[in-house]
Amino acid sequence: QVQLVESGGGLVQPGGSLRLSCAASGSIFSINAMSWYRQASGKQRELVATAPSGGRFRYADSVKGRFTMSRDNAKNTVYLQMNNLKFEDTAVYYCNANIWSDSITRNDYWGQGTQVTVSS
């Protein structure tokens, strides 16, 4: 069994910052990509940032220059540093990970989501 646990959401004023964390635990053999998605009320879930196991991180155009994703492989954890937050960043943020539980079993896992609200 694999779990992804997110933390760090909250209420922030426009222009403020928040840092999200996502830790994977359980039966983990190795982790491929880890990503952050978000879903605003009434909208589809969208990819915010992704960190492959190797290679360059990628970001949605709407967050480039404001959000920075980092990955700590030793802790099976990713972070999302969000700066200069805007009203339109308000959403539930979800962590996603593509994980090998053993040498033949690979699945996508989702965290429970953490609410980020940008409001004055």
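Please refer to the structure placed before this passage.
Residues numbered from 1 in each chain as written. Predicted model: local features only at pLDDT ≥ 70, side-chain atom pairs only at ≥ 80, totals over all residues. Heavy atoms only, no water.

Peer 1: Teacher, can you tell me more about the pairing of strand 8 (residues 77-82) here?
Peer 2: Within a regular strand, the side chains alternate between the two sheet faces. Counted residue by residue, strand 8 has 5 buried out of 6 residues, so it is predominantly covered. The pairing of strand 3 (residues 18-26) with strand 8 spans 6 bridges and is antiparallel. Residue pairing for strand 8: Leu18 is matched across the bridge by Met82. Hairpin connection, strand 7 (residues 67-72) to strand 8: the antiparallel pair is bridged by 4 residues, and Asn76 has positive phi, about 50°. (Buried < 20%, exposed > 50% of the residue type's maximum accessible area, 1.4 Å probe, protein only. Helix = DSSP H or I, 4+ residues; strand = E, 2+ residues; numbered from the N terminus. Pairing = 2+ DSSP bridges.)

Peer 1: Looking at this structure, I do not really get the pairing of strand 3. What am I missing?
Peer 2: Bridge count between strand 1 (residues 2-7) and strand 3: 6 bridges; the pairing is antiparallel. Residue pairing across strands places Leu4 opposite Ala24, the latter belonging to strand 3.

Peer 1: Quick question: what am I supposed to make of the sheet that holds strand 1 here?
Peer 2: For sheets, the rule is that strands pair by backbone hydrogen bonds, running either parallel or antiparallel. Read from one edge to the other, the open sheet built from 4 strands follows the order 1-3-8-7, with strand pairing classed as antiparallel. Two strands in the sheet have a free side with no partner beyond their single neighbour: strand 1 and strand 7. The mean angle between the axes of side-by-side strands here comes to 15°, regardless of whether they run parallel or antiparallel. (Axes fitted to C-alpha atoms, helices over the stretch in contact; angles between N-to-C directions.)

Peer 1: Would you mind going over the nonpolar core with me for this structure?
Peer 2: Considering soluble globular proteins, one finds that nonpolar side chains tend to be buried as a cluster. Among the nonpolar cores identified, the biggest contains 29 residues, and Met34, Trp36, Leu80, Met82 and Tyr93 are the most heavily contacted of them. For this core, the element with the highest residue contribution is strand 9 (residues 91-100), accounting for 5 residues. (Core = buried A, V, L, I, M, F, W, Y, C linked by side-chain atoms within 4.5 Å.)

Peer 1: Help me understand the environment of Leu18, please; the structure alone is not making it clear to me.
Peer 2: Tracing the backbone shows Leu18 in strand 3. What makes Leu18 buried here is its relative accessible area of 15%. Residues Leu18 and Leu85 lie 67 residues apart in sequence; the distance between their C-alpha atoms is 8.2 Å. Other than its neighbours up to four places away in sequence, Leu18 contacts Gly8, Gly9, Gly10, Val12, Leu80, Gln81, Met82, Leu85 and Val116. (Contact = heavy atoms within 4.5 Å.)

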